[in-house]
Amino acid sequence: MSVIRVGSAPDSWGVWFPEDPQQIPYERFLDEVSASGYEWIELGPFGYLPTDPQKLTAELEARNLKLSAGTVFEHLHQDDAWDAVWTQIEDVAKLTAAVGGKHVVVIPEMWRDPSTGAVLEDRNLTADQWRKKTEGMNELGKLMFEQYGVKAQYHPHADSHVDTEENVYRFLDGTSSEFVNLCLDTGHISYCGGDNIAIIERAPERIGYLHLKQVDEAVRNEVMAEDLPFGEAVKLGAMIEPPLGIPAMPPLLETVERLATEGRLTADLFAIVEQDMYPCPVYAPMPIAQRTRHYLGSCGIPTLTFT
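About the thresholds
- Residues numbered from 1 in each chain as written.
- Predicted model: local features only at pLDDT ≥ 70, side-chain atom pairs only at ≥ 80, totals over all residues.
- Heavy atoms only, no water.
- Buried < 20%, exposed > 50% of the residue type's maximum accessible area, 1.4 Å probe, protein only.
- Helix = DSSP H or I, 4+ residues; strand = E, 2+ residues; numbered from the N terminus.
- Arc of directions from axis to C-beta.
- Contact = heavy atoms within 4.5 Å.
- Polar contact = N/O pair within 3.5 Å; in protein donor to acceptor, adjacent residues only side chain to side chain.
- Salt bridge = Lys/Arg side-chain N within 4 Å of Asp/Glu carboxyl O.
- 1 Å grid on protein atoms, 1.4 Å probe; cavity = no way out; pocket = protein on both sides within 12 Å on 5 of 7 lines; lining within 4 Å.
- Points joined across faces, edges and corners; volume = space filled by probe spheres on them.
- Nonpolar A, V, L, I, M, F, W, Y, C, P; charged D, E, K, R; others polar.

**Q** Describe helix H2 (residues 53–61), naming the residues involved and giving the relevant values.
**A** By the burial criterion, the buried members of H2 are Leu56, Glu59 and Leu60. When H2 is viewed along its axis, its buried side chains cluster within an angular range of 95 degrees and face the same direction. Exposed residues on H2 whose side chains face more than 90 degrees from its buried face are Gln54 and Glu61. Those residues of H2 hidden inside the fold are in contact with helix H1 (26–35), strand E2 (40–42), strand E3 (66–74) and helix H3 (82–98). Of the residues flanking the start of H2, the one acting as N-cap is Asp52, its side-chain oxygen 3.2 Å from the backbone nitrogen of Gln54.

**Q** Now, about the pattern of salt bridges: what can you tell me, with residues and values included?
**A** Side chains that differ in sign of charge can pair as their charged atoms come close. Considering all chains together, one arrives at 21 salt bridges under this definition. With a shortest N-O distance of 2.8 Å, Arg63 and Glu59 are connected by a salt bridge. Of the residues examined, Glu59 reaches a relative accessible area of 16% and is grouped as buried. The salt bridge involving Asp128 is made with Arg131; its shortest N-O contact spans 2.6 Å. One end of the pair, Asp128, and the other, Arg131, are both in helix H4 (residues 127–148), three residues apart, so they sit about a helical turn from each other.

**Q** So what about the layout of surface pockets? Which residues, and what values?
**A** The computed volume of the largest pocket comes to approximately 730 Å³. Together, 33 residues line the largest pocket, and Trp16, Pro45, Thr71, Phe73 and Ile107 are the ones closest to its centre. Elements with a minimum of two residues in the lining of the largest pocket: E3 and H3. Residues belonging to the lining of the largest pocket are distributed by class as follows: 16 nonpolar, eight polar and nine charged. Sorting the residues of the lining of the second largest pocket by element identifies E3, H4, strand E5 (151–154), strand E6 (180–185), strand E7 (207–212) and strand E10 (268–273) as the ones contributing at least two each. Per element, the largest residue contribution to the lining of the second largest pocket is three residues, and it comes from E5. The class makeup of the residues in the lining of the second largest pocket is nine nonpolar, 10 polar and five charged.

The following block contains the structure:
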């Protein structure tokens, strides 16, 4: 029987960096995510949660929490990028595996600074850069699995080179399903004008992980019209709790469940709730997390579970 395992992540508590005075202490995040009824979490930015496996395991077990995945960023389209990217991977993959996680979410670095909007490089890749990125991800995914037993789940992201539905397909066409699949972030796909269900139905065998997120369509339209950077969009409230935005969750989850039942999509899929909020008041995340858990539980998806 297929299962959709719902969890949460530090991102939903306004955590974007290993250390930042605007972020809540990790102990409070762990306490609140557990009290909100979630049992699965992600590692978040490396260094926010304890990096010692024994300490992290103890912190999780004390709150009946389990780790689904770690997170890293990549810029493999750039020359001589391999060593810097692999160093990140080793740290995150090693810790993830040590505490029982089976996935690492790999995010493309953005072409402009999310805070200042400064353009860091061309927003479009050349054909050679696409080749470097996709071939690099194939090798990265292979080594991650062979050395640490974790699966690479690639996360298309706003203001990155793998953002639109068209670019998602181009990335999938250039990578191997053996070692690289998608972490489909429903909010980022909608933010970039894509159709989540179309992607899922076109390539169900490549959907290895989900981030559940919604976008305020009015804010998105304003952001796109003014070509604002993603960080500014988040401050304006571009990401919003369900069911207040797009994409609609019930038909998306129904599609995932149907394809999993048909054997066309992995039968045991993580769906991690994220709501990009940075910075945010310390009192804001927990009520949103509780309401979101209640809403998702009310969507009538039999295979959806929080355990």
